[in-house]
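Structural characterization, general
This is what each chain is made of:
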Amino acid sequence: METTFAIIKPDAVKAKNTGKIIDRIEQEGFNIVGMKKINMTKNVAELFYTVHKGKPFFEELVDFMISGPCVVLALQKDNAIKAWRDLMGATNPEKAEANTMRKLYGTNVGSNATHGSDAPETAKTELTIFFQELN
Ligand code: CMP
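Calculation rules
- Residues numbered from 1 in each chain as written.
- Predicted model: local features only at pLDDT ≥ 70, side-chain atom pairs only at ≥ 80, totals over all residues.
- Heavy atoms only, no water.
- Helix = DSSP H or I, 4+ residues; strand = E, 2+ residues; numbered from the N terminus.
- Buried < 20%, exposed > 50% of the residue type's maximum accessible area, 1.4 Å probe, protein only.
- Salt bridge = Lys/Arg side-chain N within 4 Å of Asp/Glu carboxyl O.
- Core = buried A, V, L, I, M, F, W, Y, C linked by side-chain atoms within 4.5 Å.
- Contact = heavy atoms within 4.5 Å.

**A few points about unusual backbone geometry**
Phi at N99 takes a positive value of approximately 70°, unusual for a residue other than glycine. Assignment of secondary structure puts N99 in the loop between α5 (80–88) and α6 (101–105). A residue is classified by how much of its surface remains accessible, and N99, at 46% relative accessible area, is partly exposed. A positive phi is found at A113, a non-glycine position, where the angle reads about 70°. Looking at where A113 falls in the secondary structure, it is placed in the loop between α6 and β4 (114–116).

**Some remarks on the pattern of salt bridges**
Applying the stated criterion across every chain, the model contains three salt bridges. Ionic pairing is found between K36 and E133, a salt bridge with its closest N-O pair at 3.0 Å. With K36 in strand β2 (residues 31–38) and E133 in the segment after α7 (120–130), the pair connects residues that are 97 residues apart, well separated along the chain. Judged by its relative accessible area of 27%, K36 is partly exposed. For the salt bridge of K82 with D86, the shortest nitrogen-to-oxygen distance reads 2.7 Å. Highlighted residues: K82 and D86, both in helix α5, separated by four residues, approximately one helical turn. The exposure class assigned to K82 is exposed, which follows from its relative accessible area of 53%.

**Things to note about the nonpolar core**
Membership of the largest hydrophobic core comes to 19 residues, with the highest contact counts inside it found for I8, I21, I25, F30, L73, L75 and W84. Those elements that place two or more of their residues in this core are β1 (2–8), α1 (10–14), α2 (18–27), β3 (70–77), α5 and α6. With five residues, α5 is the largest single contributor of residues to this core. Ignoring anything within four residues of it in the chain, the contact list for F30 reads I25, L75, Q76, K77, A80, A83, W84 and L87.

Set out below in structure tokens:
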């Protein structure tokens, strides 16, 4: 079993799509081993997206992530990292496959409803930021 880190982003929470996304996560066979609704601080958002620091969209990304509450999750399943990324679809909702989270609930590349870790090391780092209690 692998554990990945996921976020239901402020756009999806604001649009009241949290329940639909969580329902789909469970229908697809993930175990939710951690979940909380948080208001991300600017410091945490900057730390979390530090890999994107210096990119033209960095400030917009941080501002968006602190614009309202989000839901952070620790998701467990065989090959959870790939399974959650497949379920989310492409970063840009316009390019995401049908029935994926970003196709269904995303608006554009910035407001794209969900986040998921892209590799085992990233998952470990991201889970450590938000779920110290799971370590
Ligand atoms: P996420 O999977 O959370 O990881 C980094 C985020 O940066 C990504 O989803 C997008 O929401 C965001 N992002 C990537 N490219 C752009 C862009 N060109 N403009 C705005 N946001 C972007």
